[in-house]
Amino acid sequence: MSKKITIADLLAQKDKIKKKEPKKQTLFVASLDGVITIQEPERAVALEALQMAQDSKREDLADPYLVYHCVVEPNLKDPVLQSEFGCTEPTDIVDMIFRPGEVSMIGGFALKLAGFATGVRAVDDEIKN
């Protein structure tokens, strides 16, 4: 059974809620035969990626944009990495390093860290006061 959240509960968790550190997750990438670390996207990045995904002219940019901003190890924003791979746009590095399916999956994991598609569920009428 789920517990109903009260004002007292929120106040008791105030410091934790206000100090939200971005969640991180380590993912194995088969094509690289190694692991990367991602972190949950900032709200603006997640919303921009979701908006891109809904725009037929930009939908193919959504996952690379999200992955570029969420992969923290290795740092895809590193200028030497960008230069060595000959990136025209910063997000080009994503499609150069990862396979298309990996890009999509990494983006999906990042959105899950931010609570999209997880974190909230219907409980019907099981909540009791």
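This text follows the structure it describes.
Before going into details, it helps to say that this report is about the structure given with it. (Residues numbered from 1 in each chain as written. Predicted model: local features only at pLDDT ≥ 70, side-chain atom pairs only at ≥ 80, totals over all residues. Heavy atoms only, no water.)

Side note on the layout of surface pockets
One water molecule sets the probe size; rolling that probe over the atoms shows where empty space is left. Which entries qualify depends on this criterion: Every definition here rests on a 1 Å grid over the protein atoms only: cavities are sets of points where a 1.4 Å probe fits but cannot get out, pockets are open sets enclosed by protein on both sides within 12 Å along at least five of seven lines, and lining residues have some atom within 4 Å of a point. Grid points are joined across faces, edges and corners, and a volume is the space filled by probe spheres set on the points.
Roughly 460 Å³ of volume is contained in the largest pocket. Lining the largest pocket are 16 residues; nearest its centre among them are Lys16, Ile17, Lys20, Lys23 and Glu40.

Structural notes on the sheet that holds strand 2 (residues 34–39)
Paired through their backbone hydrogen bonds, the strands of a sheet run either parallel or antiparallel. Test applied: For two strands to pair, DSSP has to find at least two bridges joining them. The secondary structure listing takes helices from DSSP runs of H or I that are at least 4 residues long and strands from runs of E that are at least 2 residues long, numbered from the N terminus. Lines are fitted to the C-alpha atoms to define the axes, a helix being fitted only along its stretch in contact, and any angle between axes, read from their N-to-C directions, falls within 0 to 180 degrees. Every residue pair with non-hydrogen atoms within 4.5 Å of one another is taken to be in contact.
With respect to topology, three strands assemble into an open sheet ordered 1-2-3, the strand pairing being antiparallel. Every other strand in the sheet has two partners, leaving strand 1 (24–29) and strand 3 (71–73) as the edge strands with one partner each. Strand-to-strand twist of the sheet, defined as the mean angle between neighbouring strand axes without regard to direction, takes the value 45°. Along the sheet face, helix 4 (residues 59–70) touches strand 2 and strand 3 and points at about 35° away from the line of strand 3.

Some remarks on the nonpolar core
As a reminder, the rule being used: We call a set of buried Ala, Val, Leu, Ile, Met, Phe, Trp, Tyr and Cys residues a nonpolar core when their side-chain atoms join them within 4.5 Å. Only protein chains enter the accessibility calculation, which uses a 1.4 Å probe; a residue is then buried when its area is under 20% of its type maximum, exposed when over 50%, and partly exposed in between.
Grouped together as the largest cluster of nonpolar side chains are 26 residues, with contacts concentrated most on Ile36, Ile38, Val67, Leu76, Val94, Phe98 and Ile106. Of all the elements in the fold, those that place two or more residues in this core are strand 1, strand 2, helix 3 (43–54), helix 4, helix 6 (92–97) and helix 7 (100–113). Looking at this core, the element that brings in the most residues is helix 4, giving six residues. When near neighbours in sequence (up to four residues on either side) are disregarded, Ile106 contacts Leu27, Ile36, Ile38, Val67, Val71 and Phe98.

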